[in-house]
Amino acid sequence: MRNNIKSCWRTYLYDLLIAIKQLFYICIKNMKIYIKYDLNAVCKKILQEQLEKLKLKYSLLDFNEVEINGALSATKLKQLNTALNNYSIQIVESSKSILIQKIKDEIREMVYGEGETTRLKTSLWLGAKFKKPYKYLSSIFTEVTFTTIEKFIILQKVERSKELIIANILNFSEIASLLNYSSTAHFSVQFKNTTGLTPSAFQYIIKTKEHNPTKL
Amino acid sequence: MPSQPINILLADDDENDRMLFQEAFEELKIKTHVFTVNNGTQLMDYLKAKSTILPDILFLDLNMPRKNGLECLKEIRANKKLKNIAIAIYSTSASENDIVETFCLGANVYINKPSDFVTLKEVLSKTVITAHQFQDTPFNKENFLLRF
């Protein structure tokens, strides 16, 4: 009998010790966990949840296009917008903004793709791509972005050249020919006109910035 | 979105400069909200206040009493909440050292204060448009450098 009590007491004590130990771990050791996620999947999930919450019938077309089946009332649209804004998702309402986004995407593809489109005349190529007169595209573009398609192409090209300069694999004349500039001088002048800096000054600043970001 | 006005903040201790700056923006086609502060301490208090809607672009004078532009620049770039604001240095100094130093500290634009109003308007409009492109397009903000 006595022995029994003793062993009972022992197990109790043992449990207590473990409990304390666990508590100790919880209090003292902050656990660090690492996560990885697929942004597209996250966005899709959020979209689905919010759309279902409002009892809307929908189909997801592309990763940034949703088709609402049936009419969408103004109040519902507002509700959806506020709900999505909590996740920093914006509804790009007007078809104009979408068109501009698509034009920008096309330009980006043209500048990054090393194919033939780069050599075509922009107005012809964009007009054919969107099956709309170039004048119409360019006037909408300017209305919304305050800049012109031509200037945007230059900006995009300069951004691409910045990446190439930072990557430090090609020299300036190679970059110039990759981006279809007629000469290195032409490239340098356009770079300077757009950024106020020469390509080498830009390279110098980025290098200095990388090497001693805290020293200065 | 372009339909919304662009929020602009100017920190400059010179009253005339502030007035000129506001007038220049009023004459531009772009819709903007311009707000001004008089010195570095006021600027940091304003940016850190909870109710503040953060500006899209901050124009920062380098020579200011109490807290100068460089200190503000460092503080803003070290602050998680503020570090995405596009910063344009707006200064009378044209020394190469100042320019490289501010760029290295994270400034995006360096403007040598223009001497005439027409140039001022041109420079401000180009700054705002370029900054706007960097917000609206997946350009790498780290590479956003512009000098006048």
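Bear in mind that the values here come from a model prediction, so they are computed numbers and not experimental data. (Residues numbered from 1 in each chain as written. Chains lettered and ligands numbered in written order. Predicted model: local features only at pLDDT ≥ 70, side-chain atom pairs only at ≥ 80, totals over all residues.)

Peer 1: Hey, could you go over the overall build of chain B for me, with residue numbers and the actual values?
Peer 2: Of regular secondary structure, chain B possesses five helices and six strands. Mapped in sequence order, the helices and strands of chain B form the string β-α-β-α-β-α-β-α-β-α-β. Residues classed as buried in chain B amount to 37% of the 148 residues present. Look at the contacts in chain B between residues 6 or more apart in sequence, and 68% of them connect residues 24 or more apart. (Helix = DSSP H or I, 4+ residues; strand = E, 2+ residues; numbered from the N terminus. Buried ≥ 20, exposed ≤ 12 C-beta atoms within 10 Å, placed from the backbone. Contact = placed C-beta atoms within 7 Å.)

Peer 1: Can you tell me about the sheet that holds strand β3 (residues 57-60) of chain B, naming the residues and giving the values?
Peer 2: All names here are of chain B. Ordered by their spatial adjacency, six strands build an open sheet running β2-β1-β3-β4-β5-β6, and the pairing between neighbours is parallel. For this open sheet the edge positions go to β2 (32-37) and β6 (146-147), each flanked by a neighbour on one side alone. By the bridge criterion, six bridges tie strand β1 (residues 6-11) to β2 in an arrangement that is parallel. Following the sheet pairing, I6 is matched in β2 by T32. (Pairing = 2+ DSSP bridges.)

Peer 1: Kindly report on unusual backbone geometry, identifying the contributing residues and their values.
Peer 2: At F146 of chain A, a position not held by glycine, the phi torsion is positive, near 65°. Here F146 of chain A lies in the loop between α6 (134-145) and α7 (149-167). F146 of chain A sits in the partly exposed class, given 19 other C-beta atoms within 10 Å. Backbone geometry places R66 of chain B, a non-glycine residue, at a positive phi of 70°. Here R66 of chain B lies in the loop between β3 and α3 (69-78).

Peer 1: Before we move on, could you go through the interface of chain A and chain B and cite the residues and values that matter?
Peer 2: With 16 residues of chain A at the contact, the number on the chain B side is 17 residues. Residue contributions to the side of chain A that touches chain B peak at four residues, all from helix α10 (residues 199-211) of chain A. Of the residues assigned to the side of chain A that touches chain B, the class counts are seven nonpolar, five polar and four charged. (Nonpolar A, V, L, I, M, F, W, Y, C, P; charged D, E, K, R; others polar.)

Peer 1: Can you explain the confidence of the model for chain A? Please cite residues and give values.
Peer 2: In the predicted model, chain A carries a mean pLDDT of 81, and the fraction of residues at 70 or more is 86%. The least confident element of chain A is helix α1 (residues 2-28) of chain A, whose mean pLDDT is 71; the most confident is helix α9 (residues 184-195) of chain A, at 93. (pLDDT = per-residue confidence, 0-100.)

Peer 1: Can you break down the nonpolar core residue by residue, with the values?
Peer 2: All names here are of chain B. In terms of nonpolar packing, the biggest core is built from 63 residues, with L60, I87, A88 and I89 touching the most fellow members. A total of six residues in this core trace back to one element, the largest contributor, which is helix α5 (residues 117-136). In this structure, I89 is in contact with L60, L62, G69, T102, A107, V109, Y110 and I111, ignoring residues within four places of it in sequence. (Core = buried A, V, L, I, M, F, W, Y, C linked by C-beta atoms within 7 Å.)

Peer 1: How would you sum up the packing of helix α1 (residues 15-27) of chain B against α5 of chain B? Please name residues and give values.
Peer 2: All names here are of chain B. Contact geometry of α1 with α5 gives a least axis separation of 9 Å together with a crossing angle of 65°. As summarised for this structure, α1 and α5 are arranged roughly perpendicular, according to the angle between their axes. As for the relative orientation of α1 and α5, their crossing is right-handed in sense. Where α1 approaches α5, its residues L20, A24, F25 and E27 are matched on the opposing element by F117, L120, K121 and L124. (Axes fitted to C-alpha atoms, helices over the stretch in contact; angles between N-to-C directions. Parallel < 35°, antiparallel > 145°, perpendicular 65-115°, else oblique. Left-handed = near helix turned anticlockwise from the far one by under 90°.)

Peer 1: Break down α3 of chain B for me, with residues and values.
Peer 2: Residue and element names in this part refer to chain B. Inspection of α3 places G69, L70, C72, L73 and I76 among the buried residues, and these make up the whole buried set. Buried residues of α3, seen end-on, are gathered within an arc of 160° and therefore sit on one face of the element. Elements in contact with the buried residues of α3: β1, α2 (40-48), β3, β4 (86-91) and α4 (96-104). (Arc of directions from axis to C-beta.)

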